[in-house]
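Observations on the three-dimensional arrangement
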Amino acid sequence: MKTIQVLGSGCTKCRKTAESIERIAEQLGVEVTVTKEADPQLMMQHGVMTTPAVVIDGRLQHSGSIPHRDEIERWLQS
Amino acid sequence: MLEWFSRLADFLIVEQLGLSRDDRLGGALHFFVEDTSKIFVLLVVMIYLIALARASLRVERVRDYLAGRNRYLGYGLGSAFGAITPFCSCSSIPLFLGFTSAGIPIGITMSFLLTSPLINEVAIVLLASLLGWKFTLVYVVVGMSVGMFGGLFLDSIRAERLLQAFARKAFDNASAPAAVDNIIENSGQNDSLTLSARHRFAMDELTDILSRVWKWVFIGVGVGAALHGFVPEGWIEQHLGDGQWWSVPAAVALGIPLYANATGVIPVMESLITQGLPVGTTLAFCMSTVAASFPEFILLKQVMQWRLLAILFVLLLVSFTLVGWLFNGLSGLGFL
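Figured I'd write up the structure that's included with this text. (Residues numbered from 1 in each chain as written. Chains lettered and ligands numbered in written order. Predicted model: local features only at pLDDT ≥ 70, side-chain atom pairs only at ≥ 80, totals over all residues. Heavy atoms only, no water.)

1. Topic: the overall build of chain A
Helix and strand content of chain A: three helices and four strands. Ordering the α and β elements of chain A from the N terminus gives β-α-β-α-β-β-α. Taken over the C-alpha trace, chain A has a radius of gyration of 11 Å; the compact-globule value for 78 residues is 12 Å, and the two agree within 12%. Overall size of chain A, expressed as C-alpha extent along the three principal axes, is 30 × 25 × 20 Å. Looking at chain A as a whole, 49% of its 78 residues qualify as buried. Considering only residue pairs separated by 6 or more positions, chain A has 64% of its internal contacts joining residues 24 or more positions apart. (Helix = DSSP H or I, 4+ residues; strand = E, 2+ residues; numbered from the N terminus. Rg over C-alpha atoms; globule rule 2.2 N^0.38 Å. Buried < 20%, exposed > 50% of the residue type's maximum accessible area, 1.4 Å probe, protein only. Contact = heavy atoms within 4.5 Å.)

2. Re the nonpolar core
Generally speaking, soluble globular proteins have nonpolar side chains that are buried together. Counting 88 residues, the largest nonpolar core has Leu43, Met110, Phe112, Val303 and Met304 of chain B as its most contacted members. When sequence neighbours within four positions are dropped, the list of residues in contact with Phe112 of chain B reads Val59, Val62, Gly78, Ser79, Phe81, Gly82, Thr85, Phe87, Leu95 and Phe99 of chain B. (Core = buried A, V, L, I, M, F, W, Y, C linked by side-chain atoms within 4.5 Å.)

3. Some words on unusual backbone geometry
Residue and element names in this part refer to chain A. Following Thr51, the chain continues to Pro52 via a peptide bond in cis, the omega torsion being -5°. Relative to the elements of secondary structure, Pro52 occurs in the loop between α2 (40-45) and β3 (53-56). Despite not being glycine, Asp57 has its phi angle at roughly 45°, a positive value. Relative to the helices and strands, Asp57 resides in the loop between β3 and β4 (59-63). Here Asp57 falls in the partly exposed class, since its relative accessible area comes to 45%.

4. Some thoughts on the packing of helix α1 (residues 12-28) of chain A against helix α3 (residues 69-77) of chain A
If you want to describe how two helices pack, look at the angle between their axes and the distance between the axes. Residues and elements named next belong to chain A. Their axes nearest at 10 Å, the elements α1 and α3 cross at an angle of 60°. Classified by the angle between their axes, α1 and α3 sit oblique to one another. Considering how the two elements wind past one another, α1 and α3 form a crossing that is right-handed. Counted together, Ser20, Ile21, Ile24, Ala25, Gln27 and Leu28 of α1 and Arg69, Ile72, Glu73, Leu76 and Gln77 of α3 form the full contact between these two elements. When the residues that make up the contact of α1 with α3 are grouped by side-chain class, the tally is six nonpolar, three polar and two charged. (Axes fitted to C-alpha atoms, helices over the stretch in contact; angles between N-to-C directions. Parallel < 35°, antiparallel > 145°, perpendicular 65-115°, else oblique. Left-handed = near helix turned anticlockwise from the far one by under 90°. Nonpolar A, V, L, I, M, F, W, Y, C, P; charged D, E, K, R; others polar.)

5. Some remarks on the packing of helix α3 (residues 59-66) of chain B against helix α5 (residues 92-101) of chain B
Residue and element names in this part refer to chain B. Two elements in contact, α3 and α5, have axes separated by 10 Å at closest approach and are oriented at 30°. Between α3 and α5, the interaxial angle falls into the category roughly parallel. Of the two possible hands of crossing, α3 and α5 adopt the one that is right-handed. Of the residues in α5, those touching α3 at Val59, Val62, Arg63 and Leu66 are Leu95, Gly98 and Phe99. Tallied by class, the residues present in the contact of α3 with α5 amount to five nonpolar, one polar and one charged.

6. Side note on the interface of chain B and chain A
At the junction of the two partners, chain B supplies 26 residues and chain A supplies 22 residues. Overall, the association of chain B and chain A removes approximately 1900 Å² of surface from exposure, summing both partners, and the carbon and sulfur fraction of that is 63%. Connecting chain B to chain A are two salt bridges. With a closest N to O distance of 3.2 Å, Asp70 of chain A and Arg200 of chain B form a salt bridge. Between the two partners, chain B and chain A, sit five residue pairs in polar contact (both at pLDDT 80 or more). Residue assignment for the side of chain B that touches chain A shows that the elements contributing at least two residues are α3, α5, α9 (165-172), α10 (179-186) and α11 (195-230) of chain B. The biggest single contributor to the side of chain B that touches chain A is α5 of chain B, with seven residues. Taken together, the residues that form the side of chain B that touches chain A break down as 15 nonpolar, five polar and six charged. (Buried area = accessible area lost by both parts, 1.4 Å probe. Salt bridge = Lys/Arg side-chain N within 4 Å of Asp/Glu carboxyl O. Polar contact = N/O pair within 3.5 Å; in protein donor to acceptor, adjacent residues only side chain to side chain.)

7. Some words on helix α7 (residues 121-131) of chain B
Residues and elements named next belong to chain B. In terms of burial, α7 is a largely internal element, eight of the 11 residues being buried. If you check which residues of α7 are buried, you get Glu121, Val122, Ala123, Val125, Leu126, Leu127, Ser129 and Leu130. Where α7 is buried, its residues touch α2 (24-53), α6 (106-118), α8 (133-156), α11 and α14 (262-274). One side-chain oxygen of the residue at the start of α7 lies 3.1 Å from the amide nitrogen of Val122, identifying that residue as Asn120. At the exit of α7 stands Gly132, carrying a positive phi of roughly 90°.

8. Concerning the pairing of strand β2 (residues 32-37) of chain A
Direction of pairing for strand β1 (residues 2-7) of chain A relative to β2 of chain A: parallel, over a ladder of six bridges. Paired with Thr3 of chain A across the two strands is Thr33 of chain A, which belongs to β2 of chain A. (Pairing = 2+ DSSP bridges.)

9. Structural notes on the environment of Gly8 of chain A
All names here are of chain A. Position of Gly8 among the secondary structure elements: in the loop between β1 and α1. C-alpha of Gly8 to C-alpha of Arg23: the two residues are 15 residues apart in sequence and 19 Å apart in space. Contacts of Gly8, omitting those with residues within four sequence positions, involve Cys14, Glu37, Ala38, Met43 and Thr51.

Quick look at the structure:
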């Protein structure tokens, strides 16, 4: 079970990022909980300066764009 | 090369629809077809090429570069990076905190954030194609100056005292976080990007920017076309022309809370100028709609106290008004 946080101010790109992670996880049969976080202090803690950012099990994996499918698959399968 | 688009509009509107460019509807439609086709072709080409060139420029690197620089050089650099760094306004808050917690003065951060929406590749392409390179140059110089002087002013009143408590604390305990730099290295997004990685970045940028701005092009050109075809010739010049000094601050006060993207505003500028609105008034109105908006102030509330937001509002009001008066004066004297 992976805990995935999508950090961002709630713009369209953040929503799309969360949706595509959920969709790909379902296709791969990987169990995840995806939450969207808009708290600026959390972004600061992770050193995130561009959103959307993706934090998986407490580790920052990505920042600044909607991640590509191959990246998401890599995170979910590792 | 750009007359192709005029010919395309001639073909569609005059030959196919049988309208005349001289009547209202025909004139407005011709303006609409010519401008939208020209804008989209130029945008696709320029966004792709520029993104290809700057694929390795990330805000994290800008931050590391700006941290610890000479203060006065910093305002110029902050503003220059604001103009050239790819950056979406939805990231304003994390960027603000990232700069602040690296110890970069608030003024330099604000130079970056004020210049960023005013100057970007889309705005430059539109300005140069619709209003010419001279106007574009003036626009860039003015936009950067507003960013620099705004930043200088905010530091001179020690704006950091008026941040929200947690942001103030981050500024006081400044240290450079490294988390994002690590992931950049892991994903290969560093200096030596391969051409295919650059192409991928450029295609992402292109689809991202186009999906955000296409509707603004239609809205902007649509409003411009309507002004062009349906506002009686001379009406704007007569009512909002040179003589009325108050029209500049009024235009700015109206423009600041309004939200519009540079893409939508520039075609309207073109139309307003050809209708006889003074250059300075037009510039002031358009810059104030683009630079700040009501939703953006709400976002900034997360890191700034109300007093600082009010100061920022007045600062923008005063600087754009001065810009407007200056350019109305200059064009009155025949400099523009």
